Amino acid sequence: MNKLLPTSTAGSLPKPSWLAQPETLWSPWKLQGDELVEGKQDALRLSLQEQQQAGIDIVGDGEQSRQHFVTTFIEHLSGVDFTQRETVRIRNRYDANVPTVVGDVSRQKPVFVDDAKFLRKHTTQPIKWALPGPMTMIDTLYDGHYKSREKLAWEFAKILNQEAKELEAVGVDIIQFDEPAFNVFFDEVNDWGIATLERALEGLKCETAVHICYGYGIKANTEWKKTLGSEWRQYEEIFPKLQQSNIDIISLECHNSRVPMELLELIRGKKVMVGAIDVATNTIETPEEVANTLRKALQFVDADKLCPCTNCGMAPLPRQVALGKLKALSAGADIVRKELAR
């Protein structure tokens, strides 16, 4: 896309209330069988329309067919038992009851390819598709088989690469890997996390992105953020190695965070999806607030490499709030676009 400051979303958007309980993660579906299939497609169409109406340039599926950004992908793999659950600490932050890896993991068939094909049929705009990253996947499971975080991550990287290649083949323009775990396990990220991520994108010709944030606007995350002090310098631990990686785009949390904007200098040369929308509040940003965040980022990111985005997914937000935030994102980007054209 040649447009300056093309807008996008980090991933999830709220689902319609007739499909799933609003403002809830892991919300159970309200439909079943063929009705559920049709309902997901209707929701995907609606999500696309709302993104277009809000002026979003690089669109996505809004994750309308997924209950969760990680577990929905894992559900389609063999070697993971969802009936055998264990309690694990997710990202050293909160306990969750998660499925167990009981054997060799493998992907028997495509997971999201039909959804991507459906979306591609309904728009000529660039499409960004989010997949969970290897490290975040292993952090959302109990491993009773490999007994090695690194070994399991490499196995997931191979599986993700299969899915990514098929998504590319049906017309996805950017494939994003969600890695909030990169903000926690710094030694592992630098030892093998980035390497497994590069294995997941091996051989892709489309653009690739990694999304690293401080999480959804849920209580466990907002409480954790309160412990991080006056400056959040987690990105500083991983940016040098990411700058050297094969990944094209780095998607970050910036607006209303305590991340020092000058840290973006460490990834100079990469495209950056700058989070200019706070997903942890129902308050809708003004276009000028969005513009201010983008102006600060432009001190450290070249204009032709900056993509205004949301801090994280917006699935837990009320639908009208999320739509208002998308409109603000577009309007704020437009303000700065006009300033740059003077």
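Conventions and cut-offs
Residues numbered from 1 in each chain as written. Predicted model: local features only at pLDDT ≥ 70, side-chain atom pairs only at ≥ 80, totals over all residues. Heavy atoms only, no water. Pairing = 2+ DSSP bridges. Helix = DSSP H or I, 4+ residues; strand = E, 2+ residues; numbered from the N terminus. Contact = heavy atoms within 4.5 Å. Axes fitted to C-alpha atoms, helices over the stretch in contact; angles between N-to-C directions. Salt bridge = Lys/Arg side-chain N within 4 Å of Asp/Glu carboxyl O. Buried < 20%, exposed > 50% of the residue type's maximum accessible area, 1.4 Å probe, protein only. Core = buried A, V, L, I, M, F, W, Y, C linked by side-chain atoms within 4.5 Å. Expected span 1.5 Å × (residues − 1).

A. Geometry of the sheet that holds strand S1 (residues 77-90). Sheet architecture is open: three strands sit in the order S1-S2-S4, paired in mixed fashion. Each having just a single partner strand, S1 and strand S4 (142-143) make up the two edges of the open sheet. Pairing of S1 with strand S2 (residues 94-107) involves 10 bridges; the strand directions are antiparallel. Paired with Glu 86 across the strands is Val 98, a residue of S2. Its contacts with the sheet place helix H5 (residues 149-169) against S1, S2 and S4, and it is angled at close to 75° to S2.

B. Structural detail: the pattern of salt bridges. Counted according to the given criterion, the structure contains 23 salt bridges. Ionic pairing is found between Arg 149 and Asp 139, a salt bridge with its closest N-O pair at 3.6 Å. Taken as a pair, Arg 149 in helix H5 and Asp 139 in the loop between helix H4 (134-138) and S4 lie far apart in primary sequence, 10 residues in all. A residue is classified by how much of its surface remains accessible, and Arg 149, at 30% relative accessible area, is partly exposed. When its relative accessible area of 3% is taken as the criterion, Asp 139 is described as buried. A salt bridge links Lys 325 to Glu 285; the nearest nitrogen and oxygen atoms lie 3.0 Å apart. One end of the pair, Lys 325, is in helix H10 (residues 319-341); the other, Glu 285, is in the loop between strand S8 (271-275) and helix H9 (287-297), and 40 residues separate them in sequence. Like Lys 325, the residue Glu 285 is buried in the burial classification. One network of salt bridges, with partners in common, ties together Lys 3, Asp 57, Asp 334, Arg 337 and Lys 338.

C. Region of interest: the sheet that holds strand S9 (residues 306-309). Pairing in this open sheet of six strands is parallel, and the strands run S3-S5-S6-S7-S8-S9 from one edge to the other. Edge positions in the sheet fall to strand S3 (128-132) and S9, since each of these pairs with one other strand and no more. Pairs of neighbouring strands in the sheet enclose a mean axial angle of 25°, with direction left out of account. Of the pairings in the sheet, the one linking S8 to S9 comprises four bridges and is parallel in character.

D. Expanded view of the nonpolar core. Among the nonpolar cores identified, the biggest contains 96 residues, and Leu 131, Phe 182, Phe 239, Leu 242 and Leu 264 are the most heavily contacted of them. Aside from chain neighbours lying at most four places away, what touches Leu 264 is Phe 239, Leu 252, Val 272, Ala 297, Phe 300 and Val 301. Counting eight residues, the second largest nonpolar core, distinct from the first, contains Ala 10, Ala 209, Ile 249 and Met 273.

E. Focus on the pairing of S3. Burial runs high along S3: five of the five residues are buried. Going residue by residue along S3, you find Lys 128, Ala 130 and Pro 132 tucked away on one face and Trp 129 and Leu 131 tucked away on the opposite face as well. Alignment of S3 against strand S5 (residues 174-178), held across five bridges, turns out to be parallel. Each bridged residue has a counterpart across the sheet, and for Lys 128 the counterpart in S5 is Ile 174.

F. Structural detail: helix H1 (residues 33-54). When the terminal C-alpha atoms of H1 are compared, their 32 Å separation across 22 residues agrees well with the 32 Å that a helix rising 1.5 Å per residue should span. Within H1, burial applies to Leu 36, Gly 39, Ala 43, Leu 44, Ser 47, Leu 48, Glu 50, Gln 51 and Ala 54. The elements touched by buried residues of H1 are helix H3 (113-121) and H10. Two residues or fewer after H1 comes Gly 55, characterised by a positive phi angle close to 90°.

Any link to function would need more than the numbers given here.
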